[in-house]
Amino acid sequence: MPGDHAPRSKIDPRTAGALREFLRTAEDFGETELYYRARRDVPKGPPRAESLEELYARYSGCLNCVLGKSRKKIVFGMGSLRPKGLFIGEGPGYEEDRKGLPFVGKAGELLDRILAAIGLSRETVYIANIVKCHPMREPEHPDMRGNDRPPLPEEMEACRPILEAQIRILAPPVICALGATAARSLLRTGDGITRLRGKVYGYPIADTGRTVPLVPTFHPAALLRDPSLKKDAWKDMKLLRGLIPPERNPA
Ligand code: SF4
């Protein structure tokens, strides 16, 4: 437990939440003085962002993990502010890092075709990634091609507040996790995408008490590598389309 001289800025909201829980337990055991003193000392943290504009301004110079040091551009995401679905990949690659946009290149073109097949488009959904900066195998060579790697768990956790805020602000009717890394991170599981796909999960939206249906499927890059996966990906897309409520459903 922090003492009276603990700097307030060092306690993040999650730590404060865990601390409050601990103190409630302490109160159950009769430690009321400890409970009330500490409750007064727990900082509230910065007010939450109410728009994507506000959120992106807040994180435009983010260096909350090492990926911030080697990126060229932060890739927050793109699409509708009232999306029919939120599609989440794992992280930007070489081209995305330069353009500042998600899913460009061949995997992006395939994603566009998949969306079109179920009556959606980049303009009617929102596309984002688990981490907003390019994870590189050799960050000292940021201009080298083929330098991509999956984000590490600590990088995904560091970036999580941005994604959680995007989900809260956009309030999509359905989330699609594109690929194993995104699905595992969102569902907090170690299972592979083959096991996870084909089902609908409930994703709790932070600070709202609400859940949104989540459908995991293969990453478009995996479909390019192994076209035999497309059959199952198509089943997933039909499942997802059925979860879009009529008022947001494509004609
Ligand atoms: S990946 Fe996310 S947490 Fe890490 S520096 Fe980029 S924006 Fe910040």
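Position numbers for residues start from 1 in each chain and track the written sequence from start to end. Confidence filtering applies because this is a predicted model: local features only for residues at pLDDT of at least 70, side-chain atom pairs given and counted only at 80 or more, and all residues used for totals across whole chains, interfaces and linings. Side-chain numbers here rest on the full set of heavy atoms in the structure, without hydrogens or water.

Lining the immediate environment of the ligand, one finds Cys-62, Asn-64, Cys-65, Leu-67, Gly-68, Arg-71, Lys-132, Cys-133, Ala-158, Cys-159 and Ile-162. Helix and strand labels come from DSSP, where a helix needs a run of H or I of at least four residues and a strand needs a run of E of at least two; each type is numbered from the N terminus. Where the shell around the ligand is concerned, the elements lending two or more residues are α4 (67-70) and α7 (153-170). By residue number, the principal contributor to the shell around the ligand is α7, which donates three residues. Gly falls in the polar group here, along with every residue not listed as nonpolar (Ala, Val, Leu, Ile, Met, Phe, Trp, Tyr, Cys, Pro) or charged (Asp, Glu, Lys, Arg). Partitioning the shell around the ligand into residue classes produces seven nonpolar, two polar and two charged. Proximity criterion: a residue is near a molecule or strand once any of its heavy atoms comes within 4 Å of it.

For a helix, the expected span equals 1.5 Å multiplied by the residue count minus one. The end-to-end C-alpha separation of helix α6 (residues 106-117) is 17 Å, in line with the 16 Å expected for twelve residues at 1.5 Å each. For the exposure calls, accessible area comes from a 1.4 Å probe over protein chains only, and a residue counts as buried if that area is under 20% of its type's maximum, exposed if over 50%, partly exposed in between. Where α6 is concerned, the buried positions are Ala-107, Gly-108, Leu-110, Leu-111, Ile-114 and Leu-115. An end-on view of α6 places all buried positions within 160° of arc, on one side of the element. Residues of α6 that are exposed and angled more than 90 degrees away from the buried face: Lys-106, Arg-113 and Ala-116. It only takes one pair of heavy atoms within 4.5 Å for two residues to be counted as in contact. The elements touched by buried residues of α6 are β2 (86-89), β3 (126-129), β4 (175-178), α10 (220-225) and α11 (230-241). With its phi angle positive at about 75°, Gly-119 sits one or two positions after the end of α6. For this quantity, the arc is that covered by the directions from the helix axis to the C-beta atoms.

Each pair of packed helices gets described by two things: the angle between the helix axes and the distance between those axes. Here an angle of 0 to 180 degrees is reported between the N-to-C directions of two axes, which are lines fitted to C-alpha atoms, with helices fitted over the stretch in contact. Relative to each other, α7 and helix α8 (residues 180-187) sit at 75°, their axes nearing to 12 Å. In terms of axis orientation, α7 runs roughly perpendicular to α8. Residues Met-156, Arg-160 and Leu-163 of α7 pack against Thr-181, Ser-185 and Leu-186 of α8. In terms of residue class, the contact of α7 with α8 is made up of three nonpolar, two polar and one charged. By definition in this entry, angles of less than 35 degrees are roughly parallel, angles greater than 145 are roughly antiparallel, angles of 65 to 115 are roughly perpendicular, and the rest are oblique.

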